[in-house]
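Observations on the three-dimensional arrangement
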Amino acid sequence: MSLPPSLRRAPTLVALALASLSGCDLAYPEVVVVNRTADTMLLRNPSFSGCIWPVVLANGDATSPGRCLPGDDRVHFKRLNAETYCQDEAQDRTLPGVCPCDGGVAPELDAGDVDADVNTQPMWFNYQTVSSKHVGYGGFYLFEITLDDMEQDFSIPGPYGH
Amino acid sequence: MVSSLRGLGLFALLLAGSAYARDGGVDVRDATAGEQSPIDGGLLGVDGGPDLVSGGPDLVDGGPDTEHAVAPPPVAQAASAPTQASDVVVTASRPLSRDRSQSSTVIVGERMRQSTRTTLFEVLSQEAADVYVPGRGVGLHGVASGATGGIKIRGLGGSPNSQILVVEDGVPDYQGIFGHPIPDAYVPSLVEDALIVKGGDSTLYGSNAMGGVVVIRSRWPDQDGYEVENDAGYGSYSTLRESVSFLGRANAWDVAGAFTDMTTQGHRAGAGGSGMVGSAALRYRWTPSLCLALRNKVVHVQGGDPGPVSTPTPDHWFDVWRDTVSAQLNYRRDKLRLSATPYLNLGVHRLYDGFYSHDYVGGAIGELDLRLHRAASVLVGLAVQGIDGRVEDRAAGERSDVSALGDVAFYGQATLRPLPTLNVVLGSRALASSEYGFVPLYKAGARWDAGRGFFVHGRVARNFRQPTIRERYLPYPVANPDLKPEYATNTDAGVGYLSAHLEIAATVYRNDARDLIKYFGAWPAAEVVNIDHIAIRGVEGRVRLRRLGPVSAMVSAAWQEVGRYTRQNPDAKIDFMVEGAHEFGPHFLAANLTGEWVHGLYMADYERQGIPDVFVMDLAARYRYRKGASGQRLHALEPYILLRNFLDRRYAYVSGYTMPGFNVFVGLKLGI
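In this text, all values refer to a predicted model and were calculated from it rather than measured experimentally. (Residues numbered from 1 in each chain as written. Chains lettered and ligands numbered in written order. Predicted model: local features only at pLDDT ≥ 70, side-chain atom pairs only at ≥ 80, totals over all residues. Heavy atoms only, no water.)

**Remarks on the overall build of chain A**
Summing up its helical and strand segments, chain A has three helices and 13 strands in all. For chain A, with 162 residues in total, the buried portion stands at 36%. Across chain A, the fraction of contacts at a sequence separation of at least 24, relative to all contacts at a separation of at least 6, is 67%. Split by element, the accessible area of chain A, about 9,300 Å² in all, is 56% carbon and sulfur. (Helix = DSSP H or I, 4+ residues; strand = E, 2+ residues; numbered from the N terminus. Buried < 20%, exposed > 50% of the residue type's maximum accessible area, 1.4 Å probe, protein only. Contact = heavy atoms within 4.5 Å. Areas by Shrake-Rupley, 256 points an atom, 1.4 Å probe, with all protein chains shown as cover.)

Next comes the structure, spelled out in structure tokens:
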């Protein structure tokens, strides 16, 4: 049994109507951020045009695809150089055991030898890509973070409120 | 319970439920000419009509809230009105304005309910170019960091939003701790009309009415029977809105209730949330002259600060509950009106960072309005108010010490009519504050209706705002207990022409503000201090064409010089609207196009951190089918579609808070 002609297009029209309602965000561009920096470089909480990925990316790691707002933005992230961190901590003698920085073994320390003022927490610094990226509706974009396309990000705005 | 009600809303939508009993086409009194003029103007037979800068005479009385007049039947009549009467008695509300010399804009509730803008404050901004309200997404402004919705009127207000006072059904509405209203607490379901008083009026309204006042009046049934209206809609970003209102009158009892629930996932991570507003009112009329009304309104807003798009903060949530309860006793005889309004406004706020507060604003207002002579009337009032709260940082386990604020004020206003075409308004307020001692305030203005629709008006007013508890005591980001109150002397003068089809008006203004409270720097080096003196100058004008065949149109434009303090205080703004409507038998078809352009926006003072101009346009279309049943009762079915930002422009009122691109909302109203 076939539908009357007036109803044949109904499913299509209904689908179009529903798509127009829900489709604005479904048509947002999909974005993936990949860490292509160095083995000792960790990236945390990359964000781009309304998306933020609460992850830590080791070199070669990628985020899951996120639906971001169409438009232009740079990729923002926090960076930790594990090599530098390790060197600093070894210098402050807070890391007993192997120190890969100088190829040797640091002397064993008593807990009391460590300066109480030394901050052993790793410092993550704000960075962003030098280049601005453009994303449009319906696209899939893979952005690789490289050492020659990053700079410190001093633009983090303060909170806006009333 | 809320979620189940949302489910009901979706169910109602699926069942195509909606009720529409009351049409916009209300005959309103043209206060300028003192005549009856049917104004429908625009889309769906409703017009802001009284955008008419007139407010209407204080010298005109009616019932407790209404006045009656004989007029030709309007194009669209109230739901239960006779449909075949040659002369019918229509009921129009008393003018909201109590000062004919002030510069103001009136927007009727039906126009708000049909707007493409997602919040009531944004609707007000669309109607008047000298009113600026930033937004950040679909339907929610939020609170605390990242919030928008601050109203700026002629350069004052905004951030913080405590220089603009919202008065809802005679009750000043703001938070005790932060001193400003919750922008998401207002929905148009039951709004009869709203008045924007430009240039403030602390003489009549007290503290915070410094840059302007938004006076909101809710609907009451005007004849026996009932009406139910259901408006359910669904749109982009999984936005679901359900609104139901009920009006009923039986014998001496009137009842009015409304419930609105909106939930959205937002156009990006963290931008979602929900808002629920429920209100109920009960009125008993002992006699036509004496009545008592009780009101309660509950607001629950949940959401978050999504943060700038480059560094989102999707976990910065907030949760706000507020409840306002009030009573109003009204007595009205020929030349006398007496009213007493006690009120209490309570709130509980929770934020992601451990912030937790209780606050209250409580008080009472008594007023006597007396017509002494055909050419003179006086209004005197006594207002008492107390503000207090408790604030904790639950994460740090700390509690902030705050001191309550209180004030008592006696005020008066005289309206003189030395000539039939001339109104002179004089007023003063003596305010005694628990913190700031005696505060004298005053105003003086005049309006001359020159005939043939031309009018001239001018006014000067000295207004005042006391520092909020937050500014004095709370380290968010910094406090200063030695702050002094703010003062502003606002002056304006305007001319205009008003006829059935054309309205042209222009106003120049100057606001001289002293001791404005401003935040500088960022934590931990921030400070909040009084600044010396600033002057804001500007001009505002509008042209409105009404009912030129099926078409109506409006353009409103404003330009201002705000001086050094440019943060979120635009240089220029234009709002426009074109609409067409056609009625054929029981069918009604209408469409409108609205737009807004904002120029000269900065995120910091001294013209730093400028952001691109805002330009956005929306489209709306609606169809209505009305059918009379069982003699006098009308049923109406009204599907509509709103196409917001149909040019899909990238724009932002606040840097980093990009607004949604093209998005769609469809809905259905059903009226009984």
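On we go from here.
**What about the side chain of aspartate 231 of chain B?**
All names here are of chain B. Locating aspartate 231 in the fold gives a position in strand β13 (residues 225-235). Residue aspartate 231 is classed as buried on the basis of its relative accessible area, which comes to 8%. One polar contact links aspartate 231 to tyrosine 640, side chain to side chain, over a distance of 2.6 Å. (Polar contact = N/O pair within 3.5 Å; in protein donor to acceptor, adjacent residues only side chain to side chain.)

**Overview of the sheet that holds strand β6 (residues 131-132) of chain B**
With respect to topology, three strands assemble into an open sheet ordered β6-β7-β8 (chain B), the strand pairing being antiparallel. At either end of the open sheet lies a strand with only one pairing partner, and these are β6 and β8 (156-157) of chain B. (Pairing = 2+ DSSP bridges.)

**Comments concerning the packing of aromatic side chains**
As enumerated under the stated definition, the model contains 16 aromatic pairs over all chains in all. Residues tyrosine 28 of chain A and tyrosine 237 of chain B carry aromatic rings whose centres are separated by 6.5 Å and whose planes lie at 45° to one another, so their mutual orientation is tilted. Of this pair, tyrosine 28 of chain A sits in the loop between α2 (10-26) and β1 (30-35) while tyrosine 237 of chain B is found in the loop between β13 and β14 (239-250), placing the two residues in two different chains. Aromatic side chains phenylalanine 178 of chain B and phenylalanine 355 of chain B sit 5.9 Å apart centroid to centroid with 50° between the ring planes, which places their arrangement in the tilted category. On the criterion of sequence distance, the pair formed by phenylalanine 178 of chain B in the loop between β10 (171-172) and β11 (191-198) and phenylalanine 355 of chain B in strand β20 (residues 355-373) is long-range, its members being 177 residues apart. (Phe/Tyr/Trp six-rings, centres within 6.5 Å; stacked < 30°, edge-to-face > 60°.)

**Notes on the pattern of salt bridges**
Residues and elements named next belong to chain B. By the definition in use, this model includes 49 salt bridges over all chains. A salt bridge links aspartate 99 to arginine 459; the shortest N-O distance between them is 3.6 Å. Of the two residues, aspartate 99 is situated in the loop between β4 (88-93) and β5 (103-108) and arginine 459 in strand β26 (residues 454-465); the sequence distance between them amounts to 360 residues. Of the charged contacts in the structure, one is a salt bridge between aspartate 359 and arginine 322, with a shortest N-O distance of 2.8 Å. On the criterion of sequence distance, the pair formed by aspartate 359 in strand β20 and arginine 322 in strand β18 (residues 317-333) is long-range, its members being 37 residues apart. (Salt bridge = Lys/Arg side-chain N within 4 Å of Asp/Glu carboxyl O.)

**Focus on the interface of chain A and chain B**
With 23 residues of chain A at the contact, the number on the chain B side is 39 residues. In this assembly, chain A packs against chain B so that about 2,300 Å² is buried in total across both faces, 61% of it on carbon and sulfur atoms. Scanning the region where chain A abuts chain B turns up zero salt bridges. Elements that contribute at least two residues to the side of chain A that touches chain B include exactly α2, β2 (41-48), β3 (51-52) and β6 (71-73) of chain A. Looking at the side of chain A that touches chain B, the element that brings in the most residues is α2 of chain A, giving four residues. Residues of the side of chain A that touches chain B, tallied by class, amount to 13 nonpolar, eight polar and two charged. (Buried area = accessible area lost by both parts, 1.4 Å probe. Nonpolar A, V, L, I, M, F, W, Y, C, P; charged D, E, K, R; others polar.)

**Details of the confidence of the model for chain B**
All names here are of chain B. Mean pLDDT over chain B works out to 85, with 85% of the residues at or above the 70 mark. The low-confidence segment residues 1-91 (pLDDT under 50) makes 251 contacts with residues lying over four places distant or belonging to another chain. Scored by ipTM, the complex comes to 0.75, with pTM at 0.85. (pLDDT = per-residue confidence, 0-100.)

**Focus: the pairing of strand β15 (residues 253-264) of chain B**
Sheet faces and side chains relate simply in a regular strand, where the side chains alternate between the two faces. Residues and elements named next belong to chain B. Burial runs high along β15: nine of the 12 residues are buried. Across 11 bridges, the pairing between β14 and β15 is antiparallel. Residue pairing across strands places glycine 248 opposite valine 255, the latter belonging to β15. Between β14 and β15, which follow one another and run antiparallel, lie two residues, and asparagine 251 among them has a positive phi close to 55°.

**Observations regarding a nonpolar patch on the surface**
A surface patch of nonpolar side chains, amounting to about 520 Å² of accessible area, comprises Tyr226, Phe246, Trp253, Val255, Leu282 and Leu294 of chain B. Topologically, valine 255 of chain B is positioned in strand β15. (Patch = residues over 30% accessible without salt bridge, like charges linked within 9 Å, V, L, I, M, F, W, Y side chains within 5 Å.)

**Description of the nonpolar core**
Judged by nonpolar contacts, the single largest core of 58 residues is most densely connected at Met112, Leu120, Phe121, Leu124, Ile151, Tyr205 and Ile216 of chain B. The greatest single-element share of this core, amounting to five residues, is contributed by β11 of chain B. Excluding anything up to four places from it in sequence, leucine 124 of chain B contacts Ile107, Met112, Val131, Ala194, Ile196 and Val214 of chain B. In this structure, Cys51, Phe77, Ile145 and Met150 of chain A belong to the second largest nonpolar core, which totals 15 residues. (Core = buried A, V, L, I, M, F, W, Y, C linked by side-chain atoms within 4.5 Å.)

**Focus: the environment of arginine 608 of chain B**
Residues and elements named next belong to chain B. Tracing the backbone shows arginine 608 in strand β34 (residues 608-611). As for arginine 608 and arginine 567, which are separated by 41 residues in sequence, their C-alpha atoms are 8.2 Å apart. With near-sequence residues (within four places) excluded, arginine 608 lies in contact with Thr566, Tyr602 and Met603.

**As for the environment of arginine 390 of chain B**
All names here are of chain B. The topology assignment puts arginine 390 in strand β21 (residues 376-393). Taking the C-alpha atoms as reference points, arginine 390 and histidine 349, 41 residues apart in sequence, are found 11 Å from one another. The contact partners of arginine 390, leaving out residues within four places of it in the chain, are Ile177, Tyr356, Ser357, His358 and Arg399. A polar contact is formed between the side chain of arginine 390 and the side chain of glutamate 392, at a distance of 3.0 Å.

**A closer look at the sheet that holds β1 of chain A**
Residue and element names in this part refer to chain A. Taken in spatial order, the three strands line up as β5-β1-β12 in an open sheet, and their pairing is mixed. If you trace the sheet from one side to the other, it starts and ends with β5 (66-67) and β12 (140-145), each paired once. Here β1 runs beside β5; their pairing, made up of two bridges, is antiparallel. Paired with valine 31 across the bridge in β5 is glycine 66.

**Observations regarding helix α3 (residues 120-127) of chain B**
With eight of eight residues buried, α3 of chain B lies mostly within the body of the structure. Those residues of α3 of chain B not exposed but buried are Leu120, Phe121, Glu122, Val123, Leu124, Ser125, Gln126 and Glu127 of chain B.

**Let's talk about the pairing of strand β12 (residues 212-218) of chain B**
Residue and element names in this part refer to chain B. Of all seven residues making up β12, seven are buried, and the element is well covered by its neighbours. With five bridges connecting them, strand β9 (residues 164-168) and β12 associate as parallel partners. The residue bridging valine 166 from the neighbouring strand is valine 214, located in β12. Here β11 runs beside β12; their pairing, made up of seven bridges, is antiparallel. Considered in β12, the bridge of valine 191 is made with serine 218.

**Some points on the environment of glycine 155 of chain B**
Residue and element names in this part refer to chain B. Along the chain, glycine 155 turns up in the loop between β7 (152-153) and β8. Under the relative-accessibility criterion, glycine 155 is labelled buried at 9%. Residues glycine 155 and aspartate 130, 25 residues apart in the sequence, show an inter-C-alpha distance of 8.1 Å. Beyond its immediate chain neighbours, meaning those up to four positions away, glycine 155 contacts Ile536, Gln560 and Asn569.

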